[in-house]
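# Summary of structural features
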Amino acid sequence: MAAMKVEAGGASFAATAAPAPAAARPQFEALKPHEMSDGKVQFRKVAVPPHRYAPLKRNWMEIYTPVYEQMKIDIRMNLKARRVELKTRSDTPDVSNLQKCADFVHAFMLGFDIADAIALLRLDDLYVDSFEIKDVKTLRGEHLSRAIGRLSGKGGKTKFAIENSTRTRIVIADTKIHILGSFLNIKVARDSLSSLILGSPAAKVYSKLRAVTARLAEKY
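Scope of this entry: the structure provided in the associated data block.

Calculation criteria
- Residues numbered from 1 in each chain as written.
- Predicted model: local features only at pLDDT ≥ 70, side-chain atom pairs only at ≥ 80, totals over all residues.
- Heavy atoms only, no water.
- Buried < 20%, exposed > 50% of the residue type's maximum accessible area, 1.4 Å probe, protein only.
- Helix = DSSP H or I, 4+ residues; strand = E, 2+ residues; numbered from the N terminus.
- Arc of directions from axis to C-beta.
- Contact = heavy atoms within 4.5 Å.
- Pairing = 2+ DSSP bridges.
- Axes fitted to C-alpha atoms, helices over the stretch in contact; angles between N-to-C directions.
- Salt bridge = Lys/Arg side-chain N within 4 Å of Asp/Glu carboxyl O.

Let us look at helix H4 (residues 60-70). Of the residues making up H4, those classed as buried are Ile63, Pro66 and Val67. The arc that holds the buried residues of H4, viewed along the axis, is 90°, so those residues lie on one side. Summarising the contacts, the buried residues of H4 are in contact with helix H3 (53-58), strand S2 (73-78), strand S3 (83-88), helix H5 (96-110), helix H6 (114-117) and helix H7 (119-122). In the segment just after H4, Lys72 is the residue with positive phi, at about 60°.

Ordered by their spatial adjacency, three strands build an open sheet running S1-S3-S2, and the pairing between neighbours is antiparallel. Edge positions in the sheet fall to strand S1 (43-47) and S2, since each has one partner strand and no second. Taken over all neighbouring pairs, the strand axes of this sheet differ in orientation by 20° on average, direction set aside. Alignment of S2 against S3, held across six bridges, turns out to be antiparallel. What sits directly across from Arg76, in S3, is Glu85. H4 contacts S2 and S3 of the sheet and is inclined by roughly 150° relative to S2. On top of the sheet, H5 reaches S1, S2 and S3; it is set at about 5° to S1, its chief contact.

Turning our eyes to something else, we now look at the environment of Leu98. Here Leu98 is to be found in helix H5. In the structure, Leu98 is positioned 31 residues away from Val67 in sequence and 9.0 Å away in space, judged by C-alpha atoms. Excluding residues that lie within four positions of it along the chain, Leu98 makes contacts with Gln42, Phe43, Arg44, Ile73, Leu86, Lys87 and Thr88.

Okay, the pattern of salt bridges next. With the rule as written, the count across this model stands at eleven salt bridges. Between Arg89 and Asp74 there is a salt bridge; the shortest N-O distance is 3.9 Å. One end of the pair, Arg89, is in the loop between S3 and H5; the other, Asp74, is in strand S2, with 15 residues separating them in the sequence. Residues Arg76 and Glu85 are paired through a salt bridge, measuring 2.7 Å at the closest nitrogen-oxygen approach. In this structure Arg76 comes out as exposed when scored by relative accessible area, which is 51%.

Here's what the structure looks like:
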């Protein structure tokens, strides 16, 4: 009889020690950009070089429309300071949109076409890499002119070949070179351009480029 009582007591102890059901996890809505920064508006400013002032004026609506209507970012041209100013709005869906728009406007200032630069708004893994010819090799006078000629090729043939095989876009502005593309593709294009600067013939660069792009195609 005593054994039965002990068992009954054990059963009641087990029943009282059972854990309480877990509380439902709270569901929080995503914070909006103006809430992340304690209600402060975030800004970006992009300087306009003198030689890009006329193209910016001519293509302003093509820049304004995707930034304001699709990315929900306010944009204006500050005529006095000669720079494009961007800021977040209360209905901006993602805080990263501000930096994407700044990168898009900056790419246009560097000389990229709007059709190419707008990819920065739509894809996440695109970047702009810039370097100068003197970063690869110090050249002066006619040697520098010949190097720039080798980079472009006759009628831009060499530049187009590198762009198409590496899926990048290249702007050669005097001694500065700007490349728009994914990280790996930028590296391949930069290696090819560096070889041309160092004096490699275009045919040798093409053959090496074909081998590298074929290897990349197999990898991905």
